[in-house]
Amino acid sequence: AQTIHQWPVAEIKAVGSPLSLGCTIKGKSSPNLYWYWQATGGTLQQLFYSITVGQVESVVQLNLSASRPKDDQFILSTEKLLLSHSGFYLCAWSSNWGEGDTQYFGPGTRLLVL
Amino acid sequence: GMPVEQNPPALSLYEGADSGLRCNFSTTMKSVQWFQQNHRGRLITLFYLAQGTKENGRLKSTFNSKERYSTLHIKDAQLEDSGTYFCAAEAGFASALTFGSGTKVIVLP
């Protein structure tokens, strides 16, 4: 069975500090990976997707970047956090690209920027 | 307008009651997914539909691409059905998933 982990569970960071959030998928080779952001009380917005190692496409620019260093790992980062980065970050995976498929979500990381 | 309009924003219902949620799309969508977000924020995948109707236990979802809408029906609501429900749709199979604004469901004993 596939499992998806995100780390850390939660973070409190200062404005201007760097950030790195991680996501790992186990039990699935060559997954499509996604990052989403949810403002408190809001809806979800897709940020990035990746269909293969080393390749990342940006959907929405929020002064964030993403990388896929390994097949099972997806990293979201920034060198300088903004207050507007606060929220809930979710990683998701799916099997097929270009054919449509269910996306499965990780437990998320809560971020508070002060 | 918004590409995905979800209604109602919130609803309360008693245990055992039935209710429905709806998403309207401003453009033709290729597929829709429905999720339940629990109190911890975890998104649980309920349905993926490219067309037609699917049922899973007390939940049933329909997607009509031509008429540009999807529905989620909760039958015999239970306390654990409480949470925020989101629909999310893809305009094309390789396009970004666009989420509705969510429906906060509260099931009362």
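This text follows the structure it describes.
The paragraphs below set out a description of the structure included in this document.

The rules behind each value
Residues numbered from 1 in each chain as written. Chains lettered and ligands numbered in written order. Predicted model: local features only at pLDDT ≥ 70, side-chain atom pairs only at ≥ 80, totals over all residues. Heavy atoms only, no water. Salt bridge = Lys/Arg side-chain N within 4 Å of Asp/Glu carboxyl O. Helix = DSSP H or I, 4+ residues; strand = E, 2+ residues; numbered from the N terminus. Buried < 20%, exposed > 50% of the residue type's maximum accessible area, 1.4 Å probe, protein only. Contact = heavy atoms within 4.5 Å. Buried area = accessible area lost by both parts, 1.4 Å probe. Polar contact = N/O pair within 3.5 Å; in protein donor to acceptor, adjacent residues only side chain to side chain. Nonpolar A, V, L, I, M, F, W, Y, C, P; charged D, E, K, R; others polar.

1. Focus on the pattern of salt bridges
Working definition: two side chains of opposite charge can pair if their charged atoms are close together.
All names here are of chain A.
Right, on to step 1. One pass over the structure, following the stated rule, counts three salt bridges over all chains.
Right, on to step 2. A salt bridge links K26 to D72; its shortest N-O distance comes to 2.9 Å. Taken together, the positions of K26 in strand β3 (residues 19-26) and D72 in the loop between β7 (65-70) and β8 (73-78) put the pair 46 residues apart, joining distant regions of the chain.
Right, on to step 3. We note a salt bridge from R68 to D71, for which the minimum N-O separation is 3.3 Å.
Right, on to step 4. Looking at R68, the relative accessible area reads 3%, which means it is buried.
Right, on to step 5. Of the residues examined, D71 reaches a relative accessible area of 26% and is grouped as partly exposed.

2. Details of the interface of chain B and chain A
It is common to give the size of an interface as the accessible area lost on bringing the parts into contact.
Right, on to step 1. Counting from both sides, the interface comprises 19 residues of chain B and, opposite them, 22 residues of chain A.
Right, on to step 2. Of the roughly 1600 Å² buried between chain B and chain A on both sides combined, carbon and sulfur atoms contribute 55%.
Right, on to step 3. Where chain B packs against chain A, one counts zero salt bridges.
Right, on to step 4. Applying the counting criterion to the chain B and chain A interface returns eight residue pairs in polar contact (both at pLDDT 80 or more).
Right, on to step 5. Elements supplying a minimum of two residues to the side of chain B that touches chain A: β4 (31-37), β5 (43-49), β9 (83-90) and β10 (97-99) of chain B.
Right, on to step 6. Its residues assigned to classes, the side of chain B that touches chain A shows nine nonpolar, seven polar and three charged.

These values are about where atoms sit, not about what they do.
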